[in-house]
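So the chains spell out like this:
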Amino acid sequence: MKKAAHAPHKKPAASPADTSTQWQLLRASAKQPLVWIELARSYENHGLPWQAGYAARQALRCDAALRPQLDALNIGPWQDASAGDALLGRAVLPEAAALAERFSARLGECPGDWLTWLYLARLYDMLAEANVGLKPGLQGSDSTGRATSASSGQVSTRQVALQQAQSLEIVPGESLHWLGVWRLNAGDAQGAVAALSGLVDLRPVRYGSMMYLGEALLRTGNIAAAEKAFSRASLSPNPDFLLTLSAKVYAHNYWQEAIDVLKKALSLRPDSVPILLALAKIQSEVYALSDCRESLRRVRELAPDNKEAALLDAGLQGRMGDAKGHLATLQAAYKTGGDPLSRLASSVAMTSLYHDALPPSEVADLHRRLCAPIEAAYTEKTDFANERSSNRRLRIGYVTGDFHRQHPVNIFMLPVLLRHDHARFEICVYHTGTMHDEYTRQAKASADRWLEAAALDDAALQRAIVADGVDVLVDLAGHTSTHRLGVFALRAAPVQATFLGYPHSTGLSTIDWLIGDATVSPAEHAHLFSEGLAQLPCSVFCWAPVDEYPLPLPRPADAPVVFGSFNNAMKLSSRTIALWAEVLKAVPEAALLLKAPSLKDEAVQARFATLFAGQGIPRERLIFRGPSGLADMMQEYGEMDIALDPIPYNGGTTTLQALWMGVPVATLAGGNFVGRMGASFLNTLGCADWVADSESGYVATAVRLAKSCRALRESRPFLRARMVSSPLCDIEAYVAHMEALYGRMWAAYCEDSTRRVIRIGDEATGDAKDSKAPKRAKRNNKPRHENGA
């Protein structure tokens, strides 16, 4: 907690009566910026920086021109979203008892101080959750400021504080609103619902409260009530609020509703660049590309030099499948004024994985260069209190925001989380995302500790992880959108690893290990990794679907061969198109089925048709499909005979989906992690003959499979059965190996080992003691659950 959070000694200035008077004036009308400034000054004089910051923010909301006067007040980081009273949105606050005592004393002097009553109510809320005893005899006051006392045993101390706050609030419902928001931010969704539900019937409608109520209800699984609350919130006539609401509902996958909310906001404020940009961003992300182009055209008319619009334009290049153009635009923006600590650096890194003319060494060097400013900006922690012993229960931490829907991290990591051995490992999840659904709830129920960390900055999250005493901290994001690489640059645990979320080295030297396998991250490729290599014995990913996907009916025996790919458009590089064109030339009666979200756009279809035509493949041999629901998509694998893996960025989830639906896959082993995933899957499946080591070999493999097409159509059940019985689907052994790997990482730290490669299951390296990780029966060992902020 920052120093400003510790209430300093009072300064002899304005009397408490002045504060009471100011609150009385604000109860008459809250839109009095000068009164808010005087209130902020009064709080600052009394050594109450949280309250001073709140008052300053209200003054700024009333009149933005007052910013210079507010900055002149010495009230600390009053606009820092992670400081001041934002700390009330934590589940645990070490200073809570001391602050409660300080605020209680303040209320003895100024019983008409609504805001301090509210803060006190939340502090008592936190202390009650932490089972910390409260001092008896709290004095309250009625709405006129007269002191009152609660009868002992009749009402709790925190209820007294909340009742006093409610009796003094200047806007009806404000106390329950903030209590609900703080509880929600602390991960207490049920408590948030309890507070915010009390505002449903309040009139006029509190649109912001309904928005937060909707989010809280979603987290508890009450979908219908959540949607009703969001609908109430969308009735707001305030375009600024509607902009906020659109981001909130979109974060929970209500993308059409988010677009509708933004269109309403535009009807109220037609020339708003921020609203147009928000609309364009969502349209791009849901692949409504023609609509996105129109929104960006309007932005350029209103703000020709808008940098965000230029980046969204670059994103359209990626959506069109032009990885090279997309990377060039991002790099230009990064070099000409881009903040090296911004998310733009990660966008550059991730886009480089799709570029088919960059050698693996250049991609690795680029990642290191992009991470260098991050490492330079932070001081790495080197002293930890963790006991250096391998003979104890280890605490494993996962940092991710992606336990939701069909996100690949959720698909592959949730089965692991459900099977961890809680007798040997304490599992902590630091959830950096904002979306919550049934998968998020499953993940939360499977963790011993769960911290809602989206609102925490890197330093605050690092402090929380250190305080939890995590031994091995695992990044599940890499350079993807919810990453927290700053936390890993600061170092939050003695051992740090990256896994699953990003198929490449992060480039960050403070991450000790990359978890892979001997195919995607072989020892001879160690120079491509900033991390040491921790190798699983089989494939880096394990397929353990939680939903049933029945096999489709076989295609007619005499139907022409259909090759296919369900990978996103940016993976369809120029080298990929040239390679697939050679396959189609070698099998002249065959067609190519391409399915990707971007391909619902006619301009994207036309681009790829032109690219294939340039390779001698006419449009009539191409079948384009846009997005569909997951169950429908899985059945569409029945319309292809052979899946073709793209280069240099192989399919990951899509390859495993194809195999699961009985479709053989032809792949070319590339020169780095991202280009060797297909080989990892197929080697583990025992189908190494589908892995080529040259482009000519790739074509030959595809042709050979095409010649066996009739037999392959009938053998889909056999391919699935082979997959089920292979290590590629042995989730129990996979989790055991993963846990053994964590043990080896920790042992290397305890021994101060300088080794750069750890292998599980390779007796030739002297790791025989780990080569037989126990294959355990399925467990449903519920952890002792502790919810954090």
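Describing the overall build of the protein
Scanning the protein from terminus to terminus reveals 32 helices and 17 strands. Its C-alpha atoms give the protein a radius of gyration of 29 Å, near enough to 28 Å, the size a compact globule of 789 residues would have. A principal-axis box enclosing the C-alpha atoms of the protein has dimensions of 90 × 65 × 45 Å. Expressed as a percentage of its 789 residues, the buried residues of the protein come to 57%. A separation threshold of at least 6 residues defines the contact pool for the protein, and within that pool the share at least 24 residues apart is 68%. Looking at the protein as shown, the accessible area adds up to about 31,400 Å², and 53% of this sits on carbon and sulfur atoms.

Description of the packing of helix H6 (residues 114–129) against helix H8 (residues 174–185)
The geometry of H6 relative to H8 is characterised by a closest axis approach of 10 Å and an angle of 35° between their N-to-C directions. Between H6 and H8 lies a crossing of right-handed hand. Taken together, the residues of H8 that come into contact with H6 (itself represented by Trp114, Leu118, Tyr119, Arg122 and Asp125) are Glu174, Ser175, Trp178, Leu179, Trp182 and Arg183. Its residues placed into classes, the contact of H6 with H8 shows 6 nonpolar, 1 polar and 4 charged.

Thoughts on unusual backbone geometry
A cis amide bond, omega 0°, links Arg203 with the succeeding residue Pro204. Tracing the sequence through the fold places Pro204 in the loop between helix H9 (189–196) and helix H10 (207–220). The omega torsion across Ile647 and Pro648 is 5°, close enough to zero to call that bond cis. Of note in this structure, Asn253 is not a glycine but carries a positive phi near 75°. By secondary structure assignment, the location of Asn253 is in the loop between helix H12 (239–250) and helix H13 (255–268).

Observations regarding the sheet that holds strand E10 (residues 562–565)
Spatially, 6 strands are ordered E12-E11-E10-E13-E14-E15 in an open sheet, and the strand pairing comes out parallel. Each edge of the open sheet is held by one strand with a lone partner, namely strand E12 (622–625) and strand E15 (691–692). By the bridge criterion, 2 bridges tie E10 to strand E13 (residues 642–644) in an arrangement that is parallel. If you follow Phe563 over to E13, its bridge partner there is Ile642. Across the face of the sheet, helix H28 (residues 677–685) comes into contact with strand E14 (665–668) and E15 while running at roughly 130° to E14. Set on the sheet, helix H29 (residues 695–707) makes contact with E10, E13, E14 and E15; between it and E14 the angle comes to about 170°.

Comments concerning empty space enclosed by the protein
Taking a probe equal in size to a water molecule and rolling it over the atoms shows the remaining empty space. Under the definition given, this model contains 4 cavities of 30 Å³ or more. Of the volumes computed, that of the largest cavity is approximately 150 Å³. What lines the largest cavity is a set of 16 residues, among which Gln406, Ile411, Pro545, Val546 and Asp547 lie closest to the centre. Per-element tally for the lining of the largest cavity: the top contributor is helix H20 (residues 408–417), with 4 residues.

Here we look at the pattern of salt bridges
When the charged atoms of two side chains lie near each other, side chains of opposite charge can form a pair. Considering all chains together, one arrives at 38 salt bridges under this definition. Between Arg106 and Asp113 there is a salt bridge; the shortest N-O distance is 3.3 Å. For the pair formed by Arg106 and Asp113, the shared burial category is buried. Note that Glu215 and Arg219 form a salt bridge whose closest N and O atoms lie 3.1 Å from each other. Remark: Arg219 and Glu215 occur in helix H10; sequence separation between them is 4 residues, near one turn of the helix. Pair check on accessibility: Glu215 and Arg219 agree, each one buried. Each of the salt bridges in this network shares a partner with another, and the network as a whole consists of Arg393, Arg395, Glu426, Asp448, Arg449 and Asp468.

Concerning the nonpolar core
In this structure, Phe499, Ile515, Phe563, Tyr742 and Met745 are the most contacted members of the largest nonpolar core, which totals 230 residues. Not counting chain neighbours up to four residues away, the residues in contact with Phe499 comprise Met413, Val474, Asp475, Leu476, Ile515, Val540, Tyr734 and Met738. Grouped together as the second largest cluster of nonpolar side chains are 21 residues, Cys428, Val470, Leu473 and Ala492 included.

Considering the confidence of the model for the protein
Per-residue pLDDT for the protein has a mean of 89; in total, 91% of the residues score no lower than 70. The low-confidence segment residues 134–155 (pLDDT under 50) makes 44 contacts with residues lying over four places distant or belonging to another chain.

Some details on helix H7 (residues 157–168)
With 12 residues, H7 extends 17 Å from end C-alpha to end C-alpha; this agrees with the ideal 16 Å at 1.5 Å per step. Of all the positions in H7, only Thr157, Val160, Ala161, Leu162, Gln164, Ala165 and Leu168 are classed as buried.

Topic: helix H17 (residues 323–335)
A rise of 1.5 Å per residue sets the reference length of H17, with its 13 residues, at 18 Å; its end C-alpha atoms lie 18 Å apart and thus fit the reference within 8%. For H17, every residue scored as buried is listed here: Ala323, Gly325, His326, Leu327, Leu330 and Tyr334. Looking at the buried positions of H17, the neighbouring elements they touch are helix H16 (307–319), helix H18 (343–352) and helix H19 (360–377). The positive-phi residue at the C-terminal boundary of H17 is Gly337, with phi of around 105°.

A closer look at the environment of Tyr549
Position of Tyr549 among the secondary structure elements: in the loop between strand E9 (532–536) and E10. Sequence separation of Tyr549 and Met661 is 112 residues, and the distance between their C-alpha atoms is 7.8 Å. Apart from residues no more than four positions distant in its own chain, Tyr549 is found in contact with Gln406, Leu630, Met634, Trp660, Met661 and Arg720.

Observations regarding the side chain of Glu169
In this fold, Glu169 is placed in the loop between H7 and H8. There is a polar contact of 2.7 Å between the side chain of Glu169 and the backbone nitrogen of Gly173. Excluding its chain neighbours within four sequence positions, the residues that come into contact with Glu169 are Arg27, Trp114, Glu174 and Ser175.

Comments concerning the state of the cysteines
Scanning all chains against the criterion turns up 0 disulfides. Cys750 forms no disulfide, and the closest cysteine sulfur to it belongs to Cys428, at a distance of 17 Å.

Details of the packing of aromatic side chains
Counting across every chain of the model gives 18 aromatic pairs. Where Trp23 meets Trp114, the ring centres are 5.4 Å apart and the plane angle is 80°; that geometry is what we call edge-to-face. Of this pair, Trp23 sits in helix H1 (residues 16–28) while Trp114 is found in helix H6, placing the two residues 91 residues apart along the sequence. In this pair, the class of Trp23 matches that of Trp114, namely buried. An aromatic cluster is built from Trp50, Phe103, Tyr119, Trp178 and Trp182, whose rings are joined through pairwise contacts. Above the plane of the ring of Phe384 lies Lys381, whose end atom (NZ or CZ) is 5.2 Å from the centre.

Considering the environment of Phe541
Among the secondary structure elements, Phe541 is positioned in the loop between E9 and E10. The exposure class of Phe541 is buried, given its relative accessible area of 7%. In the structure, Phe541 is positioned 303 residues away from Asn238 in sequence and 47 Å away in space, judged by C-alpha atoms. Each residue touching Phe541, except ones within four places of it in the same chain, is listed here: Phe412, Leu500, Leu656, Met677, Phe681, Leu728 and Tyr734.

What counts and what doesn't
Along each chain, numbering runs from 1 in the same order as the chain's sequence is written. Whole-chain, interface and lining totals are the exception, using all residues; otherwise, since this is a predicted model, local features are given only for residues with pLDDT of at least 70 and side-chain atom pairs are given and counted only at 80 or more. Excluding hydrogens and water, the side-chain values take into account all heavy atoms of the structure. In this description a helix means any DSSP run of H or I spanning at least four residues, a strand means any run of E spanning at least two, and both kinds are numbered starting from the N terminus. We take the radius of gyration over the C-alpha atoms and set the globule estimate at 2.2 Å times the residue count to the 0.38 power. Note on exposure labels: buried denotes an accessible area under 20% of the residue type's maximum, exposed denotes more than 50%, and partly exposed covers the range between, all computed with a 1.4 Å probe on protein chains only. Here, residues are in contact when the closest pair of their heavy atoms is within 4.5 Å. Computed with a 1.4 Å probe, the accessible areas rest on the Shrake-Rupley method; for each residue, only the protein chains presented here act as cover. Every axis in this analysis is a line fitted to C-alpha atoms, fitted for helices over the stretch in contact. Angles between the N-to-C directions lie between 0 and 180 degrees. With the far helix as reference, a near helix turned anticlockwise by less than a right angle produces a left-handed crossing, and one turned clockwise produces a right-handed crossing. Lys, Arg, Asp and Glu make up the charged group, whereas Ala, Val, Leu, Ile, Met, Phe, Trp, Tyr, Cys and Pro make up the nonpolar group; the residues left over, Gly among them, are polar. Each pair of strands is called paired provided DSSP finds at least two bridges between the two strands. In the cavity and pocket records, a cavity denotes points on a 1 Å grid over the protein atoms alone where a 1.4 Å probe fits but cannot get out, a pocket denotes an open set with protein on both sides within 12 Å along at least 5 of 7 lines, and lining residues are residues with an atom within 4 Å of a point. Grid points are joined across faces, edges and corners, and a volume is the space filled by probe spheres set on the points. Any Lys or Arg side-chain nitrogen found within 4 Å of a carboxyl oxygen on Asp or Glu counts as a salt bridge. Residues enter a nonpolar core if they are buried and are Ala, Val, Leu, Ile, Met, Phe, Trp, Tyr or Cys, with the set joined through side-chain atoms within 4.5 Å. Confidence of the prediction at every residue is given by pLDDT, a number between 0 and 100. What a helix is expected to span follows from its residue count: subtract one and scale by 1.5 Å. Residues adjacent in sequence count toward polar contacts only when both atoms are side-chain atoms; beyond that, a polar contact is any pair of N or O atoms within 3.5 Å, and within protein one must be able to donate a hydrogen and the other to accept it. Any two cysteine sulfur atoms within 2.5 Å of one another count as a disulfide. Only rings of Phe, Tyr and Trp enter the pairing, Trp through its six-membered ring, and a pair is recorded when the two centres are within 6.5 Å. The plane angle decides the type: under 30 degrees is stacked, over 60 is edge-to-face, the rest tilted. Both a distance and an angle decide whether a charge sits over a ring: NZ of Lys or CZ of Arg must be within 6 Å of the ring centre and within 35 degrees of the ring normal.

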